[in-house]
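Now for the letters of each chain:
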Amino acid sequence: MKEKLGNLRLEPTQILVAGFAVVILVGAILLNLPIASQDGRSIGFVNALFTATSAVCVTGLVVVDTGTHWTVFGKTVIVILIQVGGLGFMTMATMFAILLGKKISLKERLIMQEALNQYSLEGIVRFTKYIIVGTFMIEGIGAFFLSFRFIPEYGWIKGISYSIFHAISAFCNAGFDIIGEGRGLTPYVSDPIVNLTIGFLVIVGGIGFSVMVDLMNHKNLKRLSLHTKMVLFITALLLLIGFGGFLILEWNNPETLGELSVGGKLLGGFFQSMTTRTAGFNTIALDAMTNASKLLTIVLMYIGGSPASTAGGIKTATLGVILFTVVSVIRGKEDTELFHRRIPRDIVNRAITVAVIGITLIIVITMVLTITEAGTSFLDVLFEATSAFGTVGLSLGITSELTIPGRMVIIFMMFSGRVGPLTIAYALARQQRKNKGIIKYPEGKIIVG
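Residues numbered from 1 in each chain as written. Predicted model: local features only at pLDDT ≥ 70, side-chain atom pairs only at ≥ 80, totals over all residues. Heavy atoms only, no water.

Q: Sorry if this is basic, but what is going on with the nonpolar core here?
A: By size, the foremost hydrophobic cluster in this structure holds 108 residues, and its most contacted members are Ile82 and Ile198. At eight residues, the largest contribution of residues to this core is made by helix H15 (residues 345-372). Once you skip the residues sitting within four places of it in the chain, isoleucine 82 turns out to touch Ala55, Val58, Ile168, Ser169, Cys172, Ala174 and Phe176. (Core = buried A, V, L, I, M, F, W, Y, C linked by side-chain atoms within 4.5 Å. Buried < 20%, exposed > 50% of the residue type's maximum accessible area, 1.4 Å probe, protein only. Helix = DSSP H or I, 4+ residues; strand = E, 2+ residues; numbered from the N terminus. Contact = heavy atoms within 4.5 Å.)

In structure tokens form, the structure reads like this:
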């Protein structure tokens, strides 16, 4: 279904892209105001646009320190942009429509279907209500637990505001922090309250709204959907791989985990494994990690979180489909099989396409950055490009030093990482439905491998 806009006819996915762009532009204008900066001067439109894009695309890459540069007004704008970006502007619009008692039209339901990665319109409004209520409840619980750490340290008003800001940022997988001085969450590397609460919020926000609703509706694991089983399996697998990998690679590194107690090392390893899933927080100095850990981080950032979530990357389900396809081919099976189910060929094709487009985009942007950021380490540039694509927000410290062209490239990458895979996936789905029934060409053979 197309929606008229003047003389234009827009597809739902195009409306989504335009909506994100409008929210980013409004955010950039507000952040560019002198009232948003502590020094009372405009930060410059490119820097404001970079920050707004990072917030709406729930990335977390910053050109200035969030805690010290922005005023209360600036931080409020950022956290609102994070919430809108994490839930999606259509979800937020639906929330206000419901509060005002307005009826949700068919056009709006179609756009919501696209935004939430759903196959059917059935129950889409009810599903959106679950998302809204569930999000605020989970963020509230997270803020409650974080307050036990932040209120004693910063006082009631500042402590509560810190708790709310970091709870929203964590659940939306945004990675923005307001601790200040560019430290991230490094002061809390051994703190179980901060590590476990932030970790819980990030993981729940990253598994996807569809999975959360499915888990609430079905207490019996056997009745869970295939999608939920896939997401939970791949998520657990990646967390374990990351946890074990970072512990092995950083255990004796004196600049990261080496000087910590055993408990601190375990918390640090867990947090680093979790945060690479597009969260963007850090409790250790990332630039001090071994090259092997940096490469492992890049791989995990590329994969990202799960579909219909606040996370980015190619998504866990995409990786799962590709991995099980490889296993099925090795075992000599014609179909991709998992959990005693067969995956349709069109889903396999879509997964491969999203993965290939993602890695191609990373390669191209990395090549461009090696030109615009001459003299910067190749690994640092690759890390930055992958972090932007996966909307992760982790950096090896080069974000604030990027040239204007480099910042514009990263802005494009963050926007592409947030809306690109979703748009591509549904564009492919529509094209496949449109092409059904067309005459097929004769089969041809190509030697592979």
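Next, the rest of the story.
Q: I tried to follow the layout of surface pockets on my own but got confused; where do I start?
A: To find leftover empty space, a probe the size of one water molecule is rolled over the atoms. Reported here for the second largest pocket is a volume of approximately 560 Å³. Looking at the lining of the second largest pocket residue by residue, the class counts come to 12 nonpolar, 13 polar and four charged. (1 Å grid on protein atoms, 1.4 Å probe; cavity = no way out; pocket = protein on both sides within 12 Å on 5 of 7 lines; lining within 4 Å. Points joined across faces, edges and corners; volume = space filled by probe spheres on them. Nonpolar A, V, L, I, M, F, W, Y, C, P; charged D, E, K, R; others polar.)

Q: Would you mind going over the side chain of glutamine 83 with me for this structure?
A: Inspection of the secondary structure assignment puts glutamine 83 in helix H4 (residues 72-87). Here the side chain of glutamine 83 touches glutamate 139 through a polar contact of 3.1 Å, side chain to side chain. (Polar contact = N/O pair within 3.5 Å; in protein donor to acceptor, adjacent residues only side chain to side chain.)

Q: Where do I start with helix H8 (residues 156-171) in this structure?
A: For an α-helix, 3.6 residues make a turn, and residues three or four places apart therefore share a direction. Compared with the 22 Å implied by 1.5 Å per residue over 16 residues, the 22 Å span of H8 between its first and last C-alpha is a close match. All of the buried residues in H8 are Gly159, Tyr162, Ser163, Phe165, His166, Ala167, Ile168, Ser169, Ala170 and Phe171. Remark: asparagine 173 follows H8 within two positions and exhibits a positive phi of approximately 55°. (Expected span 1.5 Å × (residues − 1).)

Q: What am I meant to see in the packing of aromatic side chains here?
A: Aromatic ring pairs are defined here through the distance separating the ring centres and the angle between the ring planes. Under the defined criterion, the tally for this structure stands at 10 aromatic pairs. Here phenylalanine 144 and phenylalanine 145 contribute two aromatic rings whose centre-to-centre distance is 5.5 Å and whose plane-to-plane angle is 75°, an arrangement assigned as edge-to-face. Residue classification places phenylalanine 144 among the partly exposed residues on the basis of a relative accessible area of 48%. Under the relative-accessibility criterion, phenylalanine 145 is labelled partly exposed at 42%. (Phe/Tyr/Trp six-rings, centres within 6.5 Å; stacked < 30°, edge-to-face > 60°.)

Q: Looking at this structure, how should I read the pattern of salt bridges?
A: Think of it this way: side chains of opposite charge can pair up when their charged atoms draw near. By the definition in use, this model includes five salt bridges. Residue arginine 149 pairs with aspartate 191 through a salt bridge whose shortest N-O separation is 2.3 Å. Of this pair, arginine 149 sits in helix H7 (residues 124-154) while aspartate 191 sits in the loop between H8 and helix H9 (192-207); the two residues are 42 residues apart in sequence, bridging distant segments of the chain. Accessibility expressed as a relative area gives 24% for arginine 149, which makes it partly exposed. Arginine 350 is paired through a salt bridge with aspartate 346; the nearest N and O atoms lie 3.0 Å apart. Taken as a pair, arginine 350 and aspartate 346 lie in helix H15 at a separation of four residues, close to a single helical turn. Using a relative accessible area of 13% as the deciding quantity, one classes arginine 350 as buried. (Salt bridge = Lys/Arg side-chain N within 4 Å of Asp/Glu carboxyl O.)

Q: What is the right way to read the packing of helix H2 (residues 45-56) against H4 from this model?
A: Packed helices, taken two at a time, are described by their axes: the angle between them and the distance between them. Running from N to C, H2 and H4 point in directions that differ by 40°, and their axes come no closer than 7 Å. Comparing their axes, H4 and H2 come out oblique. Facing Thr51, Ala52, Ala55 and Val56 of H2, the residues of H4 in contact are Ile78, Leu81, Ile82 and Gly85. Residue composition of the contact of H2 with H4, by class: six nonpolar, two polar and no charged. (Axes fitted to C-alpha atoms, helices over the stretch in contact; angles between N-to-C directions. Parallel < 35°, antiparallel > 145°, perpendicular 65-115°, else oblique.)

Q: I'm lost on empty space enclosed by the protein in this one. Help?
A: If you walk through the whole model with that rule in mind, you get two cavities of 30 Å³ or more. Taken as a whole, the largest cavity holds about 60 Å³ of empty space. The wall of the largest cavity is formed by Asn173, Val202, Ile203, Gly206, Ile207, Thr235, Met274, Arg277 and Gly305. For the lining of the largest cavity, a count of residues per class yields four nonpolar, four polar and one charged.

Q: Teacher, can you tell me more about the side chain of threonine 53 here?
A: Residue position: threonine 53 is located in helix H2. When its relative accessible area of 2% is taken as the criterion, threonine 53 is described as buried. Every residue in contact with threonine 53, bar those within four places of it in the chain, is listed here: Ile24, Ile411, Met414 and Phe415.

Q: What exactly am I supposed to notice about unusual backbone geometry here?
A: A negative phi holds for most residues other than glycine; trans holds for most peptide bonds. Of note, the phi angle at asparagine 173 is positive, near 55°, even though the residue is not glycine. Of note, asparagine 173 is situated in the loop between H8 and H9. Of the residues examined, asparagine 173 reaches a relative accessible area of 0% and is grouped as buried. The phi dihedral of threonine 278 falls on the positive side, at around 80°, and the residue is not glycine. Within the secondary structure layout, threonine 278 lies in the loop between helix H12 (262-275) and helix H13 (291-303).

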